[in-house]
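Below, each chain spelled out in residue letters.
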Amino acid sequence: MMETLNLLLFVVEAIAYFVLMVTLLHFRHRLGLGVFLTALGVMHFMETYLAAVFYVSLPFGDVSPGSSIFFSGKLMMILMLYLQEDAATVRQPIYGLFLGNLLTVGIAWVLQLHQPLQMSTNHTPDVDFLKEMGWLMVWGTALLYVDSLGIILLYEKLGDFFRRRVVLRFLISGFVLLTFDQIGFFAALHYFLDVPIAAFWGGWKAKMLAVCLYAAMFAIYEYRVRRIGVAGSARSISDVFGDLTFRERYNDLLERTGRDMLTGVYDRTRMEMEAPLMLLEALKQGLFATVLIIDADHFKDVNDGYGHLQGDEVLKAIAARLGTTLRSSDRVFRFGGEEFVAVCPGTDHEEGLLLAERLRWTIATSVKTPDDRPVTVSIGVATADEDGVDFTAVLTAADGRLYAAKKSGRNCVVGRSGVVKLS
């Protein structure tokens, strides 16, 4: 009965840890990444302490929640941080933990030189234990550094075989690296604290169970939360003061930099900087990314017949329809003249064709010339990684299909298999 209750508590603790940490990670741009990293770091002493002295009995063996739940969760959180940031960001908390633990050992050595007072009969300072914990934490952090690099490299390598199986790669990476960690960390536990060998297998099984729980919750987060998005809350009153700071003004200036003055969408320079990174990030996560090139049909006739000012109004109307039809995660750039490029991460080719057709129809039915004639567009569609793995290759494929749309009579969408609709 007690083992079953402990197992239930094990699952609840793992879920609570994941929900709390992934919430901090998800809202890092609003709360600051430091909040997530600090929460990750302050747990390190608790993890090591529990791994050293606190064990419970589960149906498959004796287990420490510190090692099985919290350390396993930390490693999986580091992988999630890498998926949303980069390896340089991941290294920062590990360096901090390692240096902090070395400082703990140094302080413990210095404290031994003191003659402490006995202020309470029930509590005496145990400097030897503090020193042992410090060395154990140093060893654990060194392993964490190796684990973190290993789990990132393995995750990327598995992409050669399971590019779009993100959850499967997450699961396998966790299995392999936490098995390695269990061997390395338990060796230190056995050496420093004489933890019996029998506890090794129970701890390993518990870590494998924890990885399964974290992978299941990671899948829910990826497919139900992150891709759909969470509605942003209204800004608090205190944020008004942030608008007066240099950083807020700088961010506002940065956001406006790279905008096309006429249409308000991003310009070609911004596209050349951001679009390749958007494709790279999508492919790194095992997702597709679709590129659309949208070109206004017979636009020279609009300029010649109604003047350049009316032509500008048509371009602004097209840009407005693109902005309202595309998702918030998509980016629209003015490629030049009457051409626009839309980059749509997380969108496969079929979805891209449907989106392009919706754009074509929306513009054809809502954008008019001064004499009420419809303005139409032709669209070429290409998708990474099927049409290439870098932005230049995908853009070239989309441009070739735009040319095919023009030759097919305009006012149509052309994808990999040809014309989607001609009207």
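Bear in mind the structure is a predicted one, so any value in this text is a computation, not a measurement.

How each quantity is defined
- Residues numbered from 1 in each chain as written.
- Predicted model: local features only at pLDDT ≥ 70, side-chain atom pairs only at ≥ 80, totals over all residues.
- Heavy atoms only, no water.
- Buried < 20%, exposed > 50% of the residue type's maximum accessible area, 1.4 Å probe, protein only.
- Helix = DSSP H or I, 4+ residues; strand = E, 2+ residues; numbered from the N terminus.
- Pairing = 2+ DSSP bridges.
- Right-handed = clockwise from strand over helix to strand, strands pointing away.
- Axes fitted to C-alpha atoms, helices over the stretch in contact; angles between N-to-C directions.
- Parallel < 35°, antiparallel > 145°, perpendicular 65-115°, else oblique.
- Left-handed = near helix turned anticlockwise from the far one by under 90°.
- Contact = heavy atoms within 4.5 Å.
- UniProt positions renumbered as here; feature names shortened; annotations may be inferred.
- Nonpolar A, V, L, I, M, F, W, Y, C, P; charged D, E, K, R; others polar.
- Salt bridge = Lys/Arg side-chain N within 4 Å of Asp/Glu carboxyl O.
- pLDDT = per-residue confidence, 0-100.
- Polar contact = N/O pair within 3.5 Å; in protein donor to acceptor, adjacent residues only side chain to side chain.
- 1 Å grid on protein atoms, 1.4 Å probe; cavity = no way out; pocket = protein on both sides within 12 Å on 5 of 7 lines; lining within 4 Å.
- Points joined across faces, edges and corners; volume = space filled by probe spheres on them.

**Student:** Just checking my understanding: could you explain the pairing of strand S7 (residues 412-415) for this structure?
**Tutor:** Here is the key point about a regular strand: its side chains alternate between the two faces of the sheet. Going residue by residue along S7, you find Cys412 and Val414 tucked away on one face and Val413 and Gly415 tucked away on the opposite face as well. With 2 bridges connecting them, strand S6 (residues 377-384) and S7 associate as parallel partners. Residue pairing for S7: Gly380 is matched across the bridge by Val414. As a crossover connection, the stretch from S6 through helix H15 (residues 391-407) into S7 is left-handed.

**Student:** For this particular structure, what's the right way to read unusual backbone geometry?
**Tutor:** Of note, the amide linkage connecting Ala384 to Asp385 takes the cis form, showing an omega dihedral of 15 degrees. Along the chain, Asp385 falls in the loop between S6 and H15. Backbone geometry places His298, a non-glycine residue, at a positive phi of 50 degrees. Tracing the backbone shows His298 in the loop between strand S3 (289-296) and helix H12 (299-306).

**Student:** Even after reading the chapter, I still don't get the packing of helix H1 (residues 2-26) against helix H4 (residues 65-84), so can you show me in this structure?
**Tutor:** Two measures define how a pair of helices packs: the angle their axes make with one another and the distance between the axes. Orientation of H1 relative to H4, taken along the N-to-C sense of each, is 30 degrees, at an axis distance of 10 Å. Here H1 is positioned roughly parallel relative to H4, judged by the angle of their axes. In the packing of H1 onto H4, the handedness of the crossing is right-handed. For the pair H1 and H4, the contacting residues are Phe10, Glu13, Ala14, Tyr17, Phe18, Met21, Val22 and Leu25 in the first and Pro65, Ser68, Ile69, Phe70, Gly73, Lys74, Met77, Met80, Leu81 and Gln84 in the second.

**Student:** Help me understand the UniProt feature "transmembrane region" (unreviewed entry) in the protein, please; the structure alone is not making it clear to me.
**Tutor:** The positions UniProt marks with the feature "transmembrane region" (unreviewed entry) are residues 6-27, 34-57, 63-82, 94-113, 133-155, 167-193 and 199-221. End C-alpha to end C-alpha, residues 63-82 measures 28 Å, and it is 90% helix and 5% strand. Secondary structure within residues 199-221 divides into 100% helix and 0% strand; the distance between the first and last C-alpha atoms comes to 32 Å.

**Student:** Looking at this model, I keep getting lost on the pairing of strand S5 (residues 339-345). Mind explaining?
**Tutor:** The buried fraction of S5 is high, at 7 of 7 residues. The two faces of S5 match: Glu339, Val341, Val343 and Pro345 on one face and Phe340, Ala342 and Cys344 on the other face are all buried. Inspection of the sheet shows S3 paired to S5 by 7 bridges, in the antiparallel sense. The partner of Ala289 across the bridge, within S5, is Pro345. Note that strand S4 (residues 331-336) and S5 share 5 bridges and pair antiparallel. Within S5, the position partnered with Phe333 by the bridge is Val341. Here S4 hands over to S5 after 2 residues, with Gly337 in that stretch at a positive phi of 60 degrees.

**Student:** Where do I start with the packing of helix H11 (residues 268-284) against H15 in this structure?
**Tutor:** Packing of H11 against H15 brings their axes to within 9 Å, and their N-to-C directions diverge by 100 degrees. Overall, the two elements H11 and H15 adopt an arrangement that is roughly perpendicular. Counting all contacts with H11, which are made through Met271, Ala275, Pro276 and Leu279, the residues of H15 involved are Phe391, Val394 and Leu395. Split by residue class, the contact of H11 with H15 holds 7 nonpolar, no polar and no charged.

**Student:** Would you explain the pattern of salt bridges in this entry?
**Tutor:** If charged atoms from side chains of opposite charge come close, those side chains can pair. Taken as a whole, this structure holds 17 salt bridges when the rule is applied. With a shortest N-O distance of 3.4 Å, Asp160 and Lys157 are connected by a salt bridge. The partner of Glu272 in a salt bridge is Arg268, and the shortest N-O contact between them spans 3.5 Å. With a gap of 4 residues between them, Glu272 and Arg268 both fall in helix H11, about one helical turn apart. With relative accessibility at 40%, the residue Arg268 sits in the partly exposed group.

**Student:** Help me understand the confidence of the model for the protein in this model?
**Tutor:** It should be kept in mind that the predicted coordinates are not to be read in detail where pLDDT is low. Averaged over all residues, the pLDDT of the protein is 83; the fraction at 70 or higher stands at 89%. For the protein, per-element mean pLDDT is lowest for helix H9 (residues 239-242), which scores 39, and highest for S3, which scores 97. Ignoring residues within four places in sequence, the model shows residues 229-251, a span with pLDDT below 50, making 10 contacts including any to other chains.

**Student:** Help me out: how do you make sense of the side chain of Glu357 in this one?
**Tutor:** The topology assignment puts Glu357 in helix H14 (residues 349-366). Its relative accessible area of 15% is what places Glu357 among the buried residues. At 2.7 Å, the side chain of Glu357 forms a polar contact with the side chain of Arg360.

**Student:** Please explain empty space enclosed by the protein as it appears in this structure.
**Tutor:** Rolled over the atoms, a probe with the dimensions of a water molecule shows which regions are left empty. According to the stated counting rule, one finds 3 cavities of 30 Å³ or more in the structure shown. Along its surface, the largest cavity is lined by 13 residues, and Glu47, Thr48, Ala51, Phe71 and Phe185 are the ones closest to its centre. Mapped onto the lining of the largest cavity, the elements with two or more residues apiece are helix H3 (33-53), H4, helix H6 (127-158) and helix H7 (166-193). In the lining of the largest cavity, the residues fall into 5 nonpolar, 5 polar and 3 charged. Taken as a whole, the second largest cavity spans an internal volume of roughly 70 Å³. Put simply, the parts of the chain that give the lining of the second largest cavity at least two residues each are H4, H7 and helix H8 (198-226). Here the element with the most residues in the lining of the second largest cavity is H7; it accounts for 3 residues.

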